[in-house]
Amino acid sequence: MTIENLSANKSFGGWHKQYSHQSLTLNCSMRFAIYLPPQVSSGQKVPVLYWLSGLTCTDENFMQKAGALRIAAELGIAIVAPDTSPRGETVADDEGYDLGQGAGFYVNASQSPWDHHYRMYDYVVDELPALIEAMFPVSDRRAISGHSMGGHGALTLAMLNPQRYTSMSAFSPICNPMTAPWGKKAFTAYLGKDKTTWKKHDASELMRQATQFVPAKVDQGGADDFLVEQLKPEDLEAAAKVSAYPLELAIHEGYDHSYYFISSFIEEHLRFHAIHLYK
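Keep in mind that what you see is a predicted model, and the values were worked out from it rather than measured.

Undergrad: Would you mind going over helix 9 (residues 259-277) with me for this structure?
TA: Two residues of an α-helix separated by three or four positions point the same way, owing to the 3.6 residues in each turn. The largest bend along helix 9 measures about 50° and falls at Phe-265. The set of residues buried in helix 9 consists of Tyr-259, Phe-261, Ile-262, Phe-265, Ile-266, His-269, Leu-270, Phe-272, His-273, Ala-274, His-276 and Leu-277. The backbone nitrogen of Tyr-260 has a side-chain oxygen 3.1 Å away, supplied by the residue at the start of helix 9, namely Ser-258.

See below:
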């Protein structure tokens, strides 16, 4: 494993750093950001929160806009933010913002031309944590969170791998992508037209059938422009009732889909994860 340091900035006694590496899973160079809290300077191995961003975003959006680093420094939690898709001149792309580069949807594509590079599920679940745990002073205690497309990713990856994550949370997740325009477009392109394969990557379907539980927290803005057509938190809430899933879901009136919303409630999410990461 080799990584290249691209930048380093001290913040709240810890360090925010960007790195690039050659991903064997995605067959391209990938960038990620990591925040290492001040506790690592004393030799302590800290747990990790993986943050998955939404459509059009990179590793930078959350780290620069969410206001999470101060709380992470206090709690002794590292944060890792990968990019949202493979990228590069040889990587398949689409003219739309909601497919291709910047829109990996955290699945393993099985359809051409996407299947050569678009394996974000394997990258986030396996390759990236293995690299992080080998190269940085962190433990194997992991939580996962995300926003919008990344909220969909956080919920589905955690429910498919309950042994790997202590907790999961999401802001404005795509809760039922099988019935949402964003999800239908991405799943058709990446996974094919057989909708039975889509169910494995639909948070509402997974939560309805769950028998193993990862503690979950979801926050949604009530003034979100995508609420009705794309996000559908009511479907996730209904699914949780079927399986008695331990889901905390709140709708916050007046808040939209932006990082103004995320930064308003990110402290609650980090403290939620800290409880489970340090159990």
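From this point, the narrative continues.
Undergrad: Please explain the side chain of Thr-166 as it appears in this structure.
TA: Here Thr-166 is to be found in the loop between helix 4 (149-160) and strand 7 (168-171). According to the relative accessible area criterion, Thr-166 is buried, its value standing at 15%. Polar side-chain contacts of Thr-166 include one of 3.3 Å to the side chain of Ser-167. Excluding residues within four positions of it along the chain, Thr-166 makes contact with Arg-141, Arg-142, Ala-143, Val-214, Pro-215, His-276 and Leu-277.

Undergrad: How should I be thinking about the nonpolar core in this particular structure?
TA: As a rule of thumb, soluble globular proteins bury nonpolar side chains together. Residues Ile-132, Ile-144, Met-168 and Tyr-190 are the most contacted members of the largest nonpolar core, which totals 70 residues. It is helix 3 (residues 120-135) that provides the largest number of residues to this core, a total of eight residues. Here Ile-144 is in contact with Leu-49, Tyr-50, Leu-52, Val-124, Ala-154, Leu-157, Ala-158, Tyr-165, Ser-167, Met-168, Ser-169 and His-273, once residues within four sequence places are set aside. In this structure, Met-63, Ala-68, Ile-77 and Phe-265 belong to the second largest nonpolar core, which totals 26 residues.

Undergrad: Would you explain the packing of aromatic side chains in this entry?
TA: How two aromatic rings sit relative to each other is set out by the distance from centre to centre and by the angle between their planes. As enumerated under the stated definition, the model contains 16 aromatic pairs in all. With a centroid separation of 5.7 Å and an interplanar angle of 70°, the aromatic rings of Phe-187 and Trp-198 are classed as edge-to-face. Here the residue Phe-187 occupies a position in helix 5 (residues 181-191), and Trp-198 occupies one in the loop between helix 5 and helix 6 (203-209), the gap between them amounting to 11 residues. Trp-198 sits in the buried class, given a relative accessible area of 2%. Here the aromatic cluster, defined as three or more aromatic residues joined through ring pairs, consists of Trp-51, Phe-62, Phe-171, Tyr-255, Phe-261 and Phe-265. A cation over a ring is seen here: Lys-17 above Trp-15, with NZ or CZ 5.7 Å from the ring centre. It is Lys-200 that lies over the ring of Tyr-121; its NZ or CZ is 5.9 Å from the centre.

Quick notes on the rules
Residues numbered from 1 in each chain as written. Predicted model: local features only at pLDDT ≥ 70, side-chain atom pairs only at ≥ 80, totals over all residues. Heavy atoms only, no water. Bend = angle between axes of the 7 residues up to and from the residue. Helix = DSSP H or I, 4+ residues; strand = E, 2+ residues; numbered from the N terminus. Buried < 20%, exposed > 50% of the residue type's maximum accessible area, 1.4 Å probe, protein only. Polar contact = N/O pair within 3.5 Å; in protein donor to acceptor, adjacent residues only side chain to side chain. Contact = heavy atoms within 4.5 Å. Core = buried A, V, L, I, M, F, W, Y, C linked by side-chain atoms within 4.5 Å. Phe/Tyr/Trp six-rings, centres within 6.5 Å; stacked < 30°, edge-to-face > 60°. Lys NZ or Arg CZ within 6 Å of the ring centre and 35° of its normal.

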